[in-house]
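# A closer look at the structure
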Amino acid sequence: MSFGEQFLVHPDLFPARRSGETWGERELVIDLPGGPYLFTGLNAGQEAHVRRRFGSFCGLGAGSPPAVETRFFRAAEADFREIDTRGWEYGLDLDFGLAAVRVAGLRLMARLDWRPGLAAAVWTPDAGGEAFAGIFENAFRALVSYRLLESGGVVLHGAALARRQEGGGAFLFLGRSGAGKSTVSRLGMERGLTVLSDDLNALLPGELPGAAVATVAAATAVVKLPFTGDVGEPGAPSPPHPLRALFRLEKSAEEAVSPLSRAEVVGCLLACSPFLNTDPYRRETLVSILSALVPRSLPAYALRFSLTGRFWELPELA
Amino acid sequence: MQPLALRSILRRRADVRFRVIDREAVVVRQSAAEVVVLNEVAARILTLADGSTSLESWVDVLAAEYEASRETLERDVAGFAAELVEQGLLEVA
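Here the structure is a predicted model, which is why all the values come from computation and not from measurement. (Residues numbered from 1 in each chain as written. Chains lettered and ligands numbered in written order. Predicted model: local features only at pLDDT ≥ 70, side-chain atom pairs only at ≥ 80, totals over all residues.)

## Comments concerning the overall build of chain A
The following threshold applies: For the purposes of this entry, the term helix denotes a DSSP run of H or I that reaches at least four residues, the term strand denotes a run of E that reaches at least two, and both are numbered from the N terminus. Each radius of gyration is computed over the set of C-alpha atoms, and the globule rule expresses the reference value as 2.2 Å times the number of residues to the power 0.38. Three classes are used. A residue is buried when 20 or more other C-beta atoms lie within 10 Å of its own, exposed when 12 or fewer do, and partly exposed in between, with C-beta atoms placed from the backbone. Placing C-beta atoms from the backbone, we regard two residues as in contact once those atoms come within 7 Å.
A tally of regular secondary structure across chain A gives 5 helices and 15 strands. Taking 2.2 N^0.38 as the reference for a compact globule, 318 residues should give roughly 20 Å; the C-alpha atoms of chain A span a radius of gyration of 20 Å, in line with that estimate. Principal axes of the C-alpha set define a box for chain A whose edges measure 55 × 45 × 35 Å. Relative to its full complement of 318 residues, chain A shows a buried share of 45%. Of the contacts made within chain A by residues no fewer than 6 positions apart, 71% connect residues no fewer than 24 positions apart.

## Overview of helix H5 (residues 283-293) of chain A
Residues and elements named next belong to chain A. Keep this limit in mind: Arc, as used here, means the arc of the directions from the helix axis to the C-beta atoms.
Every buried residue of H5 is listed here: Leu286, Val287, Ile289, Leu290 and Leu293. Projected down its long axis, H5 shows its buried positions confined to an angular sector of 165°, all on one face. Facing away from the buried side of H5, by more than 90 degrees, are the exposed residues Glu284 and Ala292.

## Remarks on unusual backbone geometry
All names here are of chain A. With an omega dihedral of 15°, the bond running from Gly35 to Pro36 counts as a cis peptide bond. Position of Pro36 among the secondary structure elements: in the loop between strand E1 (26-30) and strand E2 (37-42). A cis amide bond links Arg115 to the next residue, Pro116, at an omega of -10°. Relative to the helices and strands, Pro116 is located in the loop between strand E6 (108-114) and strand E7 (118-124). One non-glycine residue, Arg107, lies in the positive phi region at around 55°. Positionally, Arg107 belongs in the loop between strand E5 (100-105) and E6. Look at Arg107 and you get buried, because 21 C-beta atoms sit within 10 Å.

## Some points on the sheet that holds E7(A)
All names here are of chain A. The criterion, for reference: By this definition, two strands are paired if DSSP reports at least two bridges between them. Here an angle of 0 to 180 degrees is reported between the N-to-C directions of two axes, which are lines fitted to C-alpha atoms, with helices fitted over the stretch in contact.
Sheet architecture is open: 7 strands sit in the order E1-E2-E3-E7-E6-E5-E4, paired in mixed fashion. Edge positions in the open sheet fall to E1 and strand E4 (93-96), since each of these has one partner strand only. Here the strands of the sheet are splayed against their neighbours by 15° on average, with no regard to which way each runs. Running over the sheet, helix H1 (residues 44-54) touches E1, E2 and strand E3 (68-74) and is turned about 15° from E1.

## Some details on the environment of Arg53(A)
All names here are of chain A. Relative to the helices and strands, Arg53 is located in helix H1. Along the chain, Arg53 and Pro226 lie 173 residues apart, while their C-alpha atoms are 8.9 Å from each other. Excluding residues within four positions of it along the chain, Arg53 makes contact with Ala133, Glu137 and Pro234.

## Regarding the interface of chain A and chain B
Frequently, the measure chosen for interface size is the accessible area removed from exposure when the parts meet. We apply this condition: Gly is put with the polar residues, along with every residue not named as nonpolar or charged; the nonpolar set is Ala, Val, Leu, Ile, Met, Phe, Trp, Tyr, Cys and Pro, and the charged set is Asp, Glu, Lys and Arg.
Contacts between chain A and chain B engage 13 residues on the former and 12 residues on the latter. The set of elements that each furnish at least two residues to the side of chain A that touches chain B consists of helix H4 (262-271) and H5 of chain A. A per-element tally of the side of chain A that touches chain B places H4(A) first, with 7 residues. In terms of residue class, the side of chain A that touches chain B is made up of 6 nonpolar, 4 polar and 3 charged.

## Some remarks on the sheet that holds strand E6 (residues 90-92) of chain B
Pairing between the strands of a sheet comes from backbone hydrogen bonds, and it takes one of two forms, parallel or antiparallel. Residues and elements named next belong to chain B. Strand order in the open sheet formed by 3 strands is E5-E1-E6, with antiparallel pairing between adjacent strands. Sheet topology places strand E5 (50-54) and E6 at the edges, where each strand pairs with a single neighbour. Adjacent strand axes in the sheet meet at a mean angle of 30° when their direction is disregarded. As paired elements, strand E1 (residues 9-12) and E5 share 2 bridges and run antiparallel to each other. When the bridges of E5 are listed, Arg11 appears paired with Asp50.

## Considerations on the domain arrangement of chain A
All names here are of chain A. We apply this condition: Domain start and stop points were drawn from an automatic or database domain assignment.
Taken domain by domain, chain A consists of domain 1 (11-150) and domain 2 (154-317). Here the C-alpha centre of domain 2 lies 27 Å away from the C-alpha centre of domain 1. The interface of domain 1 with domain 2 comprises 19 residues on the first partner and 22 residues on the second. Among the elements of the structure, H1, E4 and helix H2 (130-150) are those that each provide at least two residues to the side of domain 1 that touches domain 2. No other element matches H2, which puts 7 residues into the side of domain 1 that touches domain 2.

## Points about the packing of helix H1 (residues 40-48) of chain B against helix H3 (residues 70-86) of chain B
Residue and element names in this part refer to chain B. Cut-off, in case you're wondering: Reported orientations rely on four angle classes, namely roughly parallel under 35 degrees, roughly antiparallel over 145, roughly perpendicular from 65 to 115, and oblique for the rest.
With their axes 10 Å apart at the nearest point, H1 and H3 run at an angle of 75° to one another. Compared by their axis directions, H1 and H3 come out roughly perpendicular. Contacts between H1 and H3 involve Val41, Ala42, Ile45 and Leu46 from the first element and Asp76, Val77, Phe80, Ala81 and Leu84 from the second. Partitioned by chemical class, the residues of the contact of H1 with H3 number 8 nonpolar, no polar and 1 charged.

## Examining the pairing of strand E15 (residues 300-305) of chain A
Residue and element names in this part refer to chain A. The sheet contact formed by strand E13 (residues 241-251) and E15 spans 6 bridges and is parallel. Within the sheet, the bridge partner assigned to Leu249 lies in E15 and is Leu303. Where strand E14 (residues 256-259) meets E15, 4 bridges bridge the pair, whose relative direction is antiparallel. Paired with Pro259 across the bridge in E15 is Tyr301.

Here it is as structure tokens:
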């Protein structure tokens, strides 16, 4: 199937540039790693639903020049195929290029263009409502992934849980859909840990004040993203946490850990890097960044866990 | 799976990209959107599969790098190469 055919009636008419009729004059700023992200061309209803979805992430960074602007344009209902979403696992269709990436999805067309700075555009027939918030988030996830790469960071499919004591650091649990990220998150919450996100988190380079270099990978930080799965709501922004250890999830009847080599860690991170791991123009950069984010001192394990949650008693998770 | 003849010439498939990290290889099969990690020996073989040299010449190279009998190296190289062909990482040139 060619690009866009799953979602679009006329994929050959995909917008060639950022242009069209906007939905309105409303705009808002969301500050996440790689941002601030400015969104323009919204109507009041769309803005309201985005603010409701992203809560206190909105408005932050409004005093700083935006790193990326995304403009929203109207699209006709007739441009999109009707899709029966019952039992359907949602995915986006991406078309990769050196200077642009095109995105097609459910009632969504988007472009990321580098000219040379990154700018984005979204076309949708959705005037506002809960469905629009989902459309917005799908485009935003892709945008943050690409923008973060430019900053030397990555977005990862994984659950991040933090110890509540100051400087306690965060644990990253990696795995694709169905690996057990939400289960690990719930079990961790029962034991007093804070779930940053059970779906997507950012991994960033940089020294963190107060991190004990001897015991944690102080050169790598886990940052909460407001993109959650089954556990919790986007909530409020959270400061960066030093990465304490990384675990590749494997469901099992018993609890056990086995160390991962650095290559195995990079391979796991690569498999859990959405959008970019299938982008042939940026994969080499992604691998380089992942290699840099994984110092030899980082504890990393394959974690076999059961639903008892006893794995939290393992010394590697102390 | 039959081991390959030592005169065989193999090359990496066009959709294979890899990076050696601490002597192991992180390999991406773009067509299958698959990521695999190869151990040190398999990673070395992947590096040698340039489409112009035979498995026998790989054995010559590895004989200088590893303390193993030639018989062992020939058996292991042929076996590993066949595995990598079966995994879709290498093909006969």
